[in-house]
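Residues per chain are reported as follows:
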Amino acid sequence: MKITILDDYFDTLRTLPCFRKLDGHDVTVWTDHTQDIDTLAARLKDTEALVLIRERTHIREPLLDRLHALRLISQRRRSRLVSGDAFSVRVRGPGSTSG
């Protein structure tokens, strides 16, 4: 699975014991921040699972529309950064909403 982790400014996740659970996966960690949709779309083009560890990057419909491989968004806590309804409809089909 291709996993992308955004906004790990100090590149600390790789030092945590739990990071070993991602062994065998193709993991990319971005240590800088961008909110530019074109830049994010390029970085996340082939991402299947997106991990948000900071409450900074907004994931909205214009970006989601460009991320055809994306199947999962994981975040530390519930936030308003992810347009859950837009993601649910795109992944599960019309009539789906986030829970």
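Going by the structure above, here's the rest.
Now for a look at the structure at hand. (Residues numbered from 1 in each chain as written. Predicted model: local features only at pLDDT ≥ 70, side-chain atom pairs only at ≥ 80, totals over all residues. Heavy atoms only, no water.)

## Focus: the nonpolar core
The tendency in soluble globular proteins is for nonpolar side chains to be buried as a group. Keep this limit in mind: In these notes, a set of buried Ala, Val, Leu, Ile, Met, Phe, Trp, Tyr and Cys residues joined through side-chain atoms within 4.5 Å is what counts as a nonpolar core. Any residue under 20% of the maximum accessible area for its type is buried, any over 50% is exposed, and the rest in between are partly exposed; the area is computed with a 1.4 Å probe on protein chains only. Elements are defined by DSSP. Helices are runs of H or I of four residues or more, strands are runs of E of two residues or more, and each kind is numbered from the N terminus. Working rule for contacts: check all heavy atoms of both residues, and any pair within 4.5 Å makes them a contact.
Grouped together as the largest cluster of nonpolar side chains are 12 residues: Leu6, Leu40, Ala41, Leu44, Leu50, Leu52, Ile59, Leu63, Leu64, Leu67, Leu70 and Ile73. Listed by contribution, the elements that provide at least two residues to this core are α1 (37-43), β3 (49-52) and α2 (61-64). Setting aside residues up to four positions removed in sequence, Leu44 forms contacts with Thr4, Leu6, Leu50, Leu63 and Leu67. Ile3, Leu13, Val29 and Ala49 belong to the second largest nonpolar core, which has seven residues in total.

## Describing the side chain of Arg43
Our working definition: Two N or O atoms form a polar contact when they lie within 3.5 Å of each other; inside protein one atom must be a possible hydrogen donor and the other a possible acceptor, and for residues adjacent in sequence the pair counts only when both atoms belong to side chains.
Following the sequence through the fold, Arg43 ends up in helix α1. Polar side-chain contacts of Arg43 include one of 2.8 Å to the side chain of Asp32. When near neighbours in sequence (up to four residues on either side) are disregarded, Arg43 contacts Trp30, Asp32 and Thr34.

Just distances and angles here, no functional claims.
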